Amino acid sequence: MELTRPDGSPLRVLVVDDEVNIAELVGMALRYEGFEVSLAYTGTHAVSAARSFAPDAVVLDMMLPDFDGLEVLRRMRAADPDVPVVFLTARDAVEDRVAGLTAGGDDYVTKPFSLEELVARLRGLMRRAGARQAESSALLIVGDLELDEDSHEVRRAGDEISLTATEFELLRFLMRNPKRVLSKAQILDRVWNYDFGGQANVVELYISYLRKKIDAGREPMIHTMRGAGYVLKPTG
């Protein structure tokens, strides 16, 4: 499973550690893995960085010069209650870990740690957080178009639209990636789950079916980008 934001951009990780060389080392490893990274060296900087950077996960040192990791977490969670956090702790005391996890930290790594282990823990946390989000948000909304992943109901401007199973899957893929150009190959892979081997016109065919149902008599939302693919954009 590819880990990206819903719009396809890289996931963001905020790394907080007052030891600059450790923060930079972790940042370098995460960038190498394809994450977008922001570094902070104090609790105060971490809290303001969390607001401006809006991370998808945080690597947080327990011991910081101004206030500790638990206080940083408390302030971050006030703004974003669900952001997953991995604590870095130099102290191997059980009480620390328990305190961190009860304060809402999701995992911990004891220094010295391996970068591979830290990256693996982070990926696991973000996968679980993404799965929880996906479970809780069964309703996809783009502009005046709504798709309910549970009931399979689709509405545009309140009008119910009846779709076949394949049309529904195609629209769901487009709506999960609004404003993102999707190639025919990507659509074939995600909607039909295998390569049609040159029969990419099946995508054109189903896009035309969808257009007749979604865009007929309304401002179009499904656009063809010549030579690139298709994109779904909200109107207005």
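Above this note sits the structure.
Reading guide: rules and limits
- Residues numbered from 1 in each chain as written.
- Predicted model: local features only at pLDDT ≥ 70, side-chain atom pairs only at ≥ 80, totals over all residues.
- Heavy atoms only, no water.
- Helix = DSSP H or I, 4+ residues; strand = E, 2+ residues; numbered from the N terminus.
- Contact = heavy atoms within 4.5 Å.
- Buried < 20%, exposed > 50% of the residue type's maximum accessible area, 1.4 Å probe, protein only.
- Pairing = 2+ DSSP bridges.
- Right-handed = clockwise from strand over helix to strand, strands pointing away.
- Expected span 1.5 Å × (residues − 1).
- Arc of directions from axis to C-beta.
- Polar contact = N/O pair within 3.5 Å; in protein donor to acceptor, adjacent residues only side chain to side chain.
- Core = buried A, V, L, I, M, F, W, Y, C linked by side-chain atoms within 4.5 Å.
- Axes fitted to C-alpha atoms, helices over the stretch in contact; angles between N-to-C directions.

## So, the overall build of the protein chain
Here is step 1: Looking only at helices and strands, the protein chain has 8 helices and 11 strands in total.
Here is step 2: At a minimum sequence separation of 6, the contacts of the protein chain that also span at least 24 residues come to 55%.

## A word on the pairing of strand β4 (residues 85-89)
Regular strands show a simple pattern: their side chains alternate between the two faces of the sheet.
Here is step 1: β4 sits mainly inside the fold: 5 of its 5 residues count as buried.
Here is step 2: Looking at chain direction, strand β3 (residues 57-61) and β4 are connected through 4 bridges and run parallel. Counterpart to Asp61 in the pairing with β4 is Leu88.
Here is step 3: Regarding topology, helix α3 (residues 69-79) serves as the crossover connection from β3 to the parallel β4, and that connection is right-handed.
Here is step 4: Of the pairings in the sheet, the one linking β4 to strand β5 (residues 107-110) comprises 4 bridges and is parallel in character. Across the sheet, the residue bridging to Leu88 is Val109, located in β5.

## Quick notes on helix α8 (residues 201-214)
Here is step 1: Along its 14 residues, α8 runs 20 Å from first to last C-alpha, staying within 8% of the 20 Å computed at 1.5 Å per residue.
Here is step 2: When α8 is considered as a whole, its buried residues turn out to be Val202, Val203, Tyr206, Ile207, Leu210 and Ile214. Projected down its long axis, α8 shows its buried positions confined to an angular sector of 135°, all on one face.

## A closer look at the environment of Glu19
Here is step 1: Mapped onto the elements, Glu19 comes out in the loop between β1 (12-16) and α1 (20-32).
Here is step 2: Considering only alpha carbons, one finds Glu19 and Leu64, 45 residues apart in sequence, at a separation of 9.1 Å.
Here is step 3: A distance of 3.3 Å separates a polar atom in the side chain of Glu19 from a polar atom in the side chain of Lys111.

## Digging into the nonpolar core
Here is step 1: Of all hydrophobic cores here, the largest spans 28 residues; its most connected members are Val154, Leu171 and Ile187.
Here is step 2: Among the elements of the structure, β6 (139-142), β7 (145-148), α6 (165-176), α7 (184-192), α8 and β11 (229-232) are those that each provide at least two residues to this core.
Here is step 3: With near-sequence residues (within four places) excluded, Leu171 lies in contact with Leu145, Leu147, Val154, Leu163, Leu210 and Ile214.
Here is step 4: Residues Ala23, Val119, Leu122 and Leu125 belong to the second largest nonpolar core, which totals 21 residues.

## Digging into the pairing of β3
Here is step 1: Within β3, 5 of the 5 residues are buried, which leaves the element mostly enclosed by the surrounding structure.
Here is step 2: Side chains Ala57, Val59 and Asp61 of β3 all project onto a buried face; the interleaved residues Val58 and Leu60 project onto the opposite face, where all are buried too.
Here is step 3: Note: β1 against β3, 4 bridges, orientation parallel. When the bridges of β3 are listed, Leu14 appears paired with Val58.

## Observations concerning the sheet that holds β5
Here is step 1: Strand order in the open sheet formed by 5 strands is β2-β1-β3-β4-β5, with parallel pairing between adjacent strands. Edge positions in the open sheet fall to β2 (36-40) and β5, since each of these has one partner strand only. Within this sheet the neighbouring strands show an average axis-to-axis angle of 20°, counted without direction.
Here is step 2: Helix α2 (residues 43-53) contacts β1 and β2 of the sheet and is inclined by roughly 170° relative to β1.

## Here's the deal with the side chain of Asp215
Here is step 1: When you line up the elements, Asp215 lands in the loop between α8 and β10 (222-225).
Here is step 2: Residue classification places Asp215 among the buried positions, given a relative accessible area of 7%.
Here is step 3: Once residues within four sequence positions are removed from consideration, Asp215 is found in contact with Arg156, Leu210, Pro220, Met221 and Ile222.

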